[in-house]
Amino acid sequence: MTPSSVLLNLALSFAGLSALCLAMDRHHRAIFHGSPSRKRARALRWTGWCGIAVSFAAAILTADWNFGPVQWLGSLTGAALVLVGLVSYRPGWVRPAAILALPLAAVAAFLA
Amino acid sequence: MRRGFRQSMAWLHTWSGLVTGWVMFCVFVTGTATYYRTDISLWMRPELRAAAVAPGVAAERGAAYLKVHAPKAVSWFVSLPQEDRPLIGVYWLDSFEAPIRQASLDAETGQPTTARATQGGDFLYRFHYELQMMPMLGRWIVGASALVLLVALVSGIVTHRRIFADFFTFRRDRSAQRGWLDAHNVTGVLALPFHLMITYTGIVTLAFTLMPWGIASAYRGDEMRFYVEAGQTPAWRAAAGRPAEALPLAPLVDRARAEVSEPLEMVIVNNPGDAASTVVAVFEEPKGLAHRHPQVAFEAVSGEVVARLGTLKPAAHAFTSFLGLHEAHFAGPALRGLFFLCGLMGSATIATGLVLWSVARAPKPGLAPGFGLRLVRGLNLGTVLGLPIGIAAFFLANRLLPVALEARAAWEGGAFFAAWGLAALVGFARPHGRTWREMGTVAGLLFLSLPLVGALTTDRGLDFVWFDLAMVAIAAGLGSGAWTLSRYEDVRRTRVARTAQTLARA
């Protein structure tokens, strides 16, 4: 339950949720100016759910079964709020932020 | 059913949300602040600094004070100085029916503290579940509202047709109603696990208040035995009726500390001075979800251990786990921040829901709003902005009232209610969009003034920099929120005016 383990969860949740968000037609069009192909949408959806699953695994590994689920849900909420803010106010930042979240997660995983 | 299931759920969501919204907004805001109760208490007692006093010595200092001031009490409670509360708190019961009495002692001297009298973060904490009313009445109101809120939450989930399709959607460029609905949905859905958890566990916390009959009928007037059998408190030992000299506290406390690794939180002396007196050492919660305190009880005269409490029976363990989840004492700084954020989102869900009710019922241009709408608009202003204004006034009073003022702690509470009442009156007198902007600005400025007033009236340097930053962030949030709100109103007004002009031209 250290700050770095929460950061790891936040970064993974953010990356996963961003992929899920971009898999949706409305948000993909707003951010990339075009609908995603069916293949691309499916790939994004898979990536997104994997990100959330990896985030859950990371929560259990770093904060065990007692606090892990609490931390996982909390970080999903926090990451989703940031994502919705970006989608509404700075849509152009969503993709770079999601990509940036991955090395951040790696650093946090190293510290946690 | 003539109407569809979903429509009837929408009706239920609208009205259950409206009737509990104002009370639950106050409960959510003060509860969210309570995640930082100890930080607030530290800020409100700027004279105090961490004191390194051995727990046994502090316990004896507290007991020495109580021996003089409460020799006939049935129970003494000495709460030991902690990092976040560097005071010895002494509490005593003159009889089981009498209200609990208390004093705060300096940890170094054992004399009544010269720090300013304040309720600290406990004021907001108690408001969170008792609304600063008579305790039972307040708990009943909060408990009943929370039950209705749970209904509003579940019916809201059923009503919301596009939970997944609109998961990331916040359209701020559309109509005011659309914007409010999106804000309501986003804050509600994204933190839904928290909302359900906190409402449900909150009701569980009040379960014995809301449903006292199970224990009352099973234990027939001896409710204490329930807590003993559940493993939450050691058995009460009746007084022998003859005096006897008790052992000094410090060695007993040290023996208890050798058994339990958690920090010692409180020492309780039951029937002090009696031959059958008991000393109970209560420790802090071990790391884990459950809210439970290991305890070691001694016979005060002989020093024999009479009870050890640590593990709980399954039902009690489930109950205390719910309590633990609700209070989140286990959360470190990062997780605590997420709990705080979720609490803010809960407050925002309720506030946007209340505003949405009035926006959706705005009268056609040229028509005067009816009584119901005026009432809701006034209550919305008085609650959503009135409560933050009250909290800011409470903090300001802590810094500005003279330290030696008689009944100072009560005056702080008075400032809270006076400022809130005034704001509510203004809200009722002029329930307009412009008032949102004006009151939001006032609330923002009040919070913004706190770091400044704090720096001018205390000499703690950068000790409270996190508190100050939080105040600035709250000020920014309130200010920008109120401006956004009134901009929506203005947009509608200009649109209405434009339509009127077009009509006039035609």
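Just above, that's the structure.
Residues numbered from 1 in each chain as written. Chains lettered and ligands numbered in written order. Predicted model: local features only at pLDDT ≥ 70, side-chain atom pairs only at ≥ 80, totals over all residues.

Asker: What am I meant to see in helix α3 (residues 38-89) of chain A here?
Answerer: Working note: α-helix, 3.6 residues per turn, so residues spaced by three or four point in the same direction. Across its 52 residues, α3(A) extends only 27 Å between first and last C-alpha, which sits more than 12% below the 76 Å expected from 1.5 Å per residue. The largest bend in α3(A) amounts to roughly 130° and is located at Asp64(A). (Helix = DSSP H or I, 4+ residues; strand = E, 2+ residues; numbered from the N terminus. Expected span 1.5 Å × (residues − 1). Bend = angle between axes of the 7 residues up to and from the residue.)

Asker: How should helix α4 (residues 94-111) of chain A be read in this particular structure?
Answerer: Taking 1.5 Å per residue as the helical rise, α4(A) with its 18 residues ought to reach 26 Å, and the 25 Å between its terminal C-alpha atoms agrees with that figure. If you check which residues of α4(A) are buried, you get Val94(A), Ala98(A), Ala101(A), Ala105(A) and Ala108(A). (Buried ≥ 20, exposed ≤ 12 C-beta atoms within 10 Å, placed from the backbone.)

Asker: Looking at this structure, how should I read the sheet that holds strand β2 (residues 87-93) of chain B?
Answerer: Sheets are built from strands paired through backbone hydrogen bonds, the pairs being either parallel or antiparallel. Residues and elements named next belong to chain B. Spatial ordering of the open sheet is given by β3-β2-β1-β4-β5-β6-β7, a layout of seven strands whose pairing is antiparallel. With one partner strand each, in any of the chains shown, β3 (101-106) and β7 (305-309) form the two edges of the open sheet. Between one strand axis and the next, the sheet turns by 15° as a mean value, whatever way the strands run. As paired strands, β2 and β3 are joined by six bridges and run antiparallel to one another. Along β3, the bridge assignment pairs Ile 88 with Leu 105. Along the sheet, helix α3 (residues 55-69) makes contact with β1 (75-79), β2, β3 and β4 (264-270), crossing β2 at roughly 45°. (Pairing = 2+ DSSP bridges. Axes fitted to C-alpha atoms, helices over the stretch in contact; angles between N-to-C directions. Contact = placed C-beta atoms within 7 Å.)

Asker: Is there a simple way to explain the nonpolar core in this structure?
Answerer: Soluble globular proteins tend to bury their nonpolar side chains together. Grouped together as the largest cluster of nonpolar side chains are 119 residues, with contacts concentrated most on Leu83(A), Ala392(B) and Ala393(B). Counting residues per element, this core draws most heavily on α3(A), which supplies 16 residues. Contact partners of Ala393(B), with chain neighbours within four places excluded, come to Ala415(B), Phe416(B), Ala419(B) and Leu446(B). Formed by 36 residues, the second largest nonpolar core is a distinct cluster that contains Ala59(B), Met266(B), Ala281(B) and Val296(B). (Core = buried A, V, L, I, M, F, W, Y, C linked by C-beta atoms within 7 Å.)

Asker: Please explain the packing of helix α1 (residues 3-22) of chain A against α3(A) as it appears in this structure.
Answerer: The angle between the axes and the distance between the axes are what describe a pair of packed helices. All names here are of chain A. Between α1 and α3, whose axes approach to 5 Å, the crossing angle comes to 40°. With respect to their mutual orientation, α1 and α3 come out oblique. Its residues assigned to classes, the contact of α1 with α3 shows 24 nonpolar, 13 polar and one charged. (Parallel < 35°, antiparallel > 145°, perpendicular 65-115°, else oblique. Nonpolar A, V, L, I, M, F, W, Y, C, P; charged D, E, K, R; others polar.)

Asker: Looking at this structure, how should I read the packing of α1(A) against α4(A)?
Answerer: All names here are of chain A. Interhelical geometry of α1 versus α4 gives an angle of 150° and a closest axis separation of 8 Å. The orientation of α1 relative to α4 falls into the category roughly antiparallel. α1 and α4 meet at a crossing whose hand is left-handed. Of the residues in α4, those in contact with Ser 4, Leu 7, Leu 8, Ala 11, Leu 12, Phe 14, Ala 15, Ser 18 and Ala 19 of α1 are Val 94, Ala 98, Ala 101, Leu 102, Leu 104, Ala 105, Ala 108, Ala 109 and Leu 111. When the residues that make up the contact of α1 with α4 are grouped by side-chain class, the tally is 16 nonpolar, two polar and no charged. (Left-handed = near helix turned anticlockwise from the far one by under 90°.)

Asker: For this particular structure, what's the right way to read the interface of chain A and chain B?
Answerer: How large an interface is tends to be reported as the accessible area lost when its parts come together. Facing 20 residues of chain A, the contacting portion of chain B comprises 20 residues. When residues of the side of chain A that touches chain B are traced back to their parent elements, those giving at least two are α1 and α3 of chain A. Broken down by element, the residue count for the side of chain A that touches chain B peaks at 14 residues, all from α3(A).

Asker: Where do I start with unusual backbone geometry in this structure?
Answerer: Most peptide bonds are trans, and most residues other than glycine sit at a negative phi. Residues and elements named next belong to chain B. A positive phi angle, close to 55°, is found at Leu 131, a residue other than glycine. Relative to the helices and strands, Leu 131 resides in the loop between α4 (122-130) and α5 (135-159). The residue Ala 328 is not glycine, and still its phi comes out positive at about 55°. Here Ala 328 is to be found in the loop between α12 (314-327) and α13 (333-360).

Asker: Would you mind going over the pairing of strand β6 (residues 295-299) of chain B with me for this structure?
Answerer: Taken residue by residue, a regular strand's side chains alternate between the two faces of the sheet. All names here are of chain B. Counted residue by residue, β6 has four buried out of five residues, so it is predominantly covered. Examined bridge by bridge, β6 and β7 share four bridges and lie antiparallel to one another. Bridge pairing in β7 links Ala 297 to Ala 307.

Bear in mind that shape data such as this cannot, by itself, settle questions of function.
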